[in-house]
Amino acid sequence: MERTVTVVPEDGLHARPASKFVETANEYDSEITVAANGDEPVNAASMLAVTGLGVKSGEDVVLTAEGPDEEAAIEALEDVLTTPEE
């Protein structure tokens, strides 16, 4: 399952949003990757890999999940990426 999502948090996928994203990815059994700007996908459950993408607010990422709870995982991660920081 694959979905393209536009990143909404002001800081992009850095600091707090990245931490919440990785934490959410780790709640699922599916293999989840995230890719930015046509780059190679990285493990969505790795903080270092996710922050290493350098994704900024307004940029698109491609989420891919494969496994028993892939749909729920994609929905939850999309929710994290499209919710502005408080």
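**Observations regarding the overall build of the protein**
Then, in step 1: Scanning the protein from N- to C-terminus turns up three helices and four strands.
Then, in step 2: Going residue by residue from the N terminus, the α and β elements of the protein occur as β-α-β-β-α-β-α.
Then, in step 3: Taken over C-alpha atoms, the radius of gyration comes to 11 Å for the protein, in line with the 12 Å a tight globule of 86 residues would show.
Then, in step 4: Projected onto its principal axes, the C-alpha positions of the protein cover 30 × 25 × 20 Å.
Then, in step 5: Looking at the protein alone, contacts between residues at least 24 apart form 72% of all its contacts between residues at least 6 apart.

**Here we look at the pairing of strand β4 (residues 60–66)**
Then, in step 1: Burial along β4 is one-sided: V61, L63 and A65 are buried, and none of D60, V62, T64 and E66, which face the opposite way, are.
Then, in step 2: Here five bridges tie strand β1 (residues 2–6) to β4, and the two strands are oriented antiparallel to one another. Bridge assignment links T6 to a residue of β4, and that residue is D60.
Then, in step 3: Summarising the sheet, strand β2 (residues 31–36) and β4 pair through six bridges and their orientation is antiparallel. Residue pairing across strands places E31 opposite E66, the latter belonging to β4.

**Looking at the nonpolar core**
Then, in step 1: Counting 23 residues, the largest nonpolar core has F21, V34, V61, L63 and L81 as its most contacted members.
Then, in step 2: Of all the elements in the fold, those that place two or more residues in this core are α1 (15–25), β2, β4 and α3 (70–82).
Then, in step 3: Per-element tally for this core: the top contributor is α3, with five residues.
Then, in step 4: With residues up to four places along the chain from it excluded, the contact list for V34 reads F21, E40, P41, V42, A44, V50, L53, V61, V62 and L63.

**Overview of the environment of G58**
Then, in step 1: Looking at where G58 falls in the secondary structure, it is placed in the loop between α2 (47–52) and β4.
Then, in step 2: In this structure, the C-alpha to C-alpha distance between G58 and G12, residues 46 residues apart in sequence, is 7.7 Å.
Then, in step 3: Each residue touching G58, except ones within four places of it in the same chain, is listed here: T6 and V7.

Reading guide: rules and limits
- Residues numbered from 1 in each chain as written.
- Predicted model: local features only at pLDDT ≥ 70, side-chain atom pairs only at ≥ 80, totals over all residues.
- Heavy atoms only, no water.
- Helix = DSSP H or I, 4+ residues; strand = E, 2+ residues; numbered from the N terminus.
- Rg over C-alpha atoms; globule rule 2.2 N^0.38 Å.
- Contact = heavy atoms within 4.5 Å.
- Buried < 20%, exposed > 50% of the residue type's maximum accessible area, 1.4 Å probe, protein only.
- Pairing = 2+ DSSP bridges.
- Core = buried A, V, L, I, M, F, W, Y, C linked by side-chain atoms within 4.5 Å.

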